[in-house]
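Each chain is listed here by its residues.
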Amino acid sequence: MTSAKLKHRAKLQEWAARIQDCRSSGLSVRAWCRQEEINAATYYRWERELLALAETEPCSSVPAVRFAELPAPKRVSRNVAERSATLHIGNASLDIYPGCDTEQLKMLVELLRLC
């Protein structure tokens, strides 16, 4: 890489930080530029260049997406003979099996009452 390209890359990094500072300052661009004694046209030129660069080059800070195959969850098949009770509320019914969590059962009953 040539020294000119290295200098330009350093300027891009410098301006990326400046633009981030401006955007997080809560000030308008013009007010921030006045405060920092920067020409607003220069600010906008660097912003345009950085935005154009972001559109053409993939973002190196975002890792590539990877997919992993996960095992299928174990399906619990319930035999009708195993259930302890069936609760009917209106048109809805709820089969209750041994080991049912009482808090979950309370929540399900409340939901059935809303039906």
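Above this text is the structure in question.
Residues numbered from 1 in each chain as written. Predicted model: local features only at pLDDT ≥ 70, side-chain atom pairs only at ≥ 80, totals over all residues. Heavy atoms only, no water.

Trainee: Would you explain the state of the cysteines in this entry?
Mentor: Where two cysteines share a covalent bond between their sulfur atoms, that bond is called a disulfide. Enumeration according to the criterion identifies zero disulfides in this entry. Unpaired in this structure, cysteine 22 has its nearest cysteine sulfur neighbour in cysteine 33, at a distance of 5.9 Å. (Disulfide = S-S within 2.5 Å.)

Trainee: Looking at this structure, how should I read helix H2 (residues 29-36)?
Mentor: Owing to its 3.6 residues per turn, the α-helix brings residues three or four apart onto one side. When H2 is considered as a whole, its buried residues turn out to be Val29, Trp32 and Cys33. Axial view of H2: buried residues confined to an arc of 100 degrees, hence all on one face. Residues Arg30, Arg34 and Gln35 are exposed on H2 and point more than 90 degrees away from its buried face. Where H2 is buried, its residues meet helix H1 (3-25) and helix H3 (40-56). Once H2 ends, the next one or two residues include glutamate 37, with phi positive near 55 degrees. (Buried < 20%, exposed > 50% of the residue type's maximum accessible area, 1.4 Å probe, protein only. Helix = DSSP H or I, 4+ residues; strand = E, 2+ residues; numbered from the N terminus. Arc of directions from axis to C-beta. Contact = heavy atoms within 4.5 Å.)

Trainee: Before we go on, may I ask you to explain the nonpolar core in this structure?
Mentor: Nonpolar side chains tend toward joint burial in soluble globular proteins. By size, the foremost hydrophobic cluster in this structure holds twelve residues: Leu12, Trp15, Ile19, Cys22, Val29, Trp32, Cys33, Ile38, Ala40, Tyr43, Trp46 and Leu50. Only H1, H2 and H3 provide two or more residues apiece to this core. Ignoring anything within four residues of it in the chain, the contact list for isoleucine 38 reads Trp15, Arg18, Trp32 and Cys33. (Core = buried A, V, L, I, M, F, W, Y, C linked by side-chain atoms within 4.5 Å.)

Trainee: Any chance you could explain the packing of aromatic side chains here in plain terms?
Mentor: What characterises a pair of aromatic rings is the spacing of the ring centres plus the angle enclosed by the ring planes. Evaluated as defined, the whole model comprises four aromatic pairs. Judged by centre distance (6.4 Å) and plane angle (70 degrees), the ring pair of tryptophan 15 and tyrosine 43 falls under edge-to-face. Linking tryptophan 15 in helix H1 with tyrosine 43 in helix H3, this pair joins segments that are 28 residues apart in sequence. Accessibility assignment for this pair places tryptophan 15 and tyrosine 43 in one class, buried. Taken together, the ring pairs in this structure connect Trp15, Trp32, Tyr43, Tyr44 and Trp46 into an aromatic cluster. Across the ring face of tryptophan 15, the terminal group of arginine 18 is positioned such that the distance to the ring centre comes to 4.7 Å. (Phe/Tyr/Trp six-rings, centres within 6.5 Å; stacked < 30°, edge-to-face > 60°. Lys NZ or Arg CZ within 6 Å of the ring centre and 35° of its normal.)

Trainee: Explain the side chain of glutamate 47 here, please?
Mentor: Here glutamate 47 lies in helix H3. We classify glutamate 47 as buried; its relative accessible area is 15%.

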